[in-house]
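# What the coordinates show
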Amino acid sequence: QVQLVESGGGLVQAGGSLRLSCAASGSFFSINDMGWYRQAPGKQRELVADIFSGGSINYADSVKGRFTISRDNAKNTVYLQMNTLKSEDTAVYYCNAHMSTPPLYKYLEVWGQGTLVTVSS
């Protein structure tokens with residue numbers, strides 16, 4: 001069984017910073033991409049940022065220049081450094097990954113349980 005465990009959410013004032021972490025564990029051969037999505041109350045889940053095994057990165061326009069995604073392949077962990085936070089960044093943040101799993105290299109999408117980020121204005 002594969003799982004993603006997130007940490008680092010919390011309450012912060014507007015203009016502040018937070019760092020989210022997400023560690024993958026369990027049985028898998030490799031991780032293709034890891035990323036962060038978020039869902040605000042009453043809104044659809046949206047991509048925040050993702051990073052591929054080859055190093056390419058995508059950001060949502062709303063977070064470019066403020067958020068930085070990074071990955072430690074040795075630790076199977078992805079990070080999201082969030083700076084200059086705004087009230088509109090308030091949401092539940094979910095970690096996401098696509099993995100190759102045993103025994104037949106089945107491609108699997110995995111979600112974390114979510115971590116709440118609240119930005120007070």
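Computed from a predicted model, the values in this text were never measured in an experiment.

Turning our attention to the sheet that holds strand 7 (residues 67–72). With antiparallel pairing, 4 strands are arranged side by side in an open sheet as 1-3-8-7. For this open sheet the edge positions go to strand 1 (3–7) and strand 7, each flanked by a neighbour on one side alone. Neighbour-to-neighbour, the strand axes of the sheet open up by a mean angle of 15°, direction not taken into account. Sheet topology note: the strand 3 (residues 18–25)/strand 8 (residues 77–82) ladder contains 6 bridges and is antiparallel. Looking at strand 8, one finds that Leu-20 is bridged to Leu-80.

A word on the side chain of Asp-89. Relative to the helices and strands, Asp-89 resides in the loop between strand 8 and strand 9 (91–101). In this structure, Asp-89 is in contact with Arg-38, Arg-66, Phe-67, Thr-84, Val-117 and Val-119, ignoring residues within four places of it in sequence.

Bridging between strand 1 and strand 3 involves 5 bridges; their strand directions are antiparallel. Paired with Leu-4 across the two strands is Ala-24, which belongs to strand 3.

This part is about the side chain of Ser-100. With respect to the element layout, Ser-100 can be found in strand 9. Look at Ser-100 and you get buried, because its relative accessible area is 12%. When sequence neighbours within four positions are dropped, the list of residues in contact with Ser-100 reads Phe-28, Phe-29, Ser-30, Tyr-105 and Lys-106.

Covered by surrounding structure in strand 7 are Phe-67, Ile-69 and Arg-71 only, the residues Thr-68, Ser-70 and Asp-72 on the alternate face being uncovered. Judged from the 6 bridges that link them, strand 7 and strand 8 form a sheet pairing that is antiparallel. Following the sheet pairing, Ile-69 is matched in strand 8 by Leu-80. Connecting strand 7 to the antiparallel partner strand 8 that follows it, the hairpin turn spans 4 residues, and Asn-76 within it adopts a positive phi of roughly 50°.

In terms of backbone geometry, most residues other than glycine have negative phi values and most peptide bonds are trans. Cis geometry is adopted by the peptide bond preceding Pro-103, which originates at Pro-102 and carries an omega value of 5°. Residue position: Pro-103 is located in the loop between strand 9 and strand 10 (106–111). In this structure, Asn-76 takes a positive phi of about 50° despite not being glycine. Owing to a relative accessible area of 25%, Asn-76 belongs among the partly exposed residues under this scheme.

The next subject is the nonpolar core. Among the nonpolar cores identified, the biggest contains 31 residues, and Leu-4, Trp-36, Leu-80, Met-82, Tyr-93 and Met-99 are the most heavily contacted of them. Those elements that provide at least two residues to this core are strand 3, strand 4 (30–39), strand 5 (46–52), strand 7, strand 8, strand 9 and strand 11 (115–120). Per-element tally for this core: the top contributor is strand 9, with 5 residues. Setting aside its immediate chain neighbours within four residues, Met-99 contacts Val-2, Leu-4, Ala-24, Phe-28, Ser-30, Ile-31, Lys-106, Tyr-107, Leu-108 and Val-110.

The rules behind each value
Residues numbered from 1 in each chain as written. Predicted model: local features only at pLDDT ≥ 70, side-chain atom pairs only at ≥ 80, totals over all residues. Heavy atoms only, no water. Pairing = 2+ DSSP bridges. Helix = DSSP H or I, 4+ residues; strand = E, 2+ residues; numbered from the N terminus. Axes fitted to C-alpha atoms, helices over the stretch in contact; angles between N-to-C directions. Contact = heavy atoms within 4.5 Å. Buried < 20%, exposed > 50% of the residue type's maximum accessible area, 1.4 Å probe, protein only. Core = buried A, V, L, I, M, F, W, Y, C linked by side-chain atoms within 4.5 Å.

Nothing here speaks to function; it is geometry throughout.
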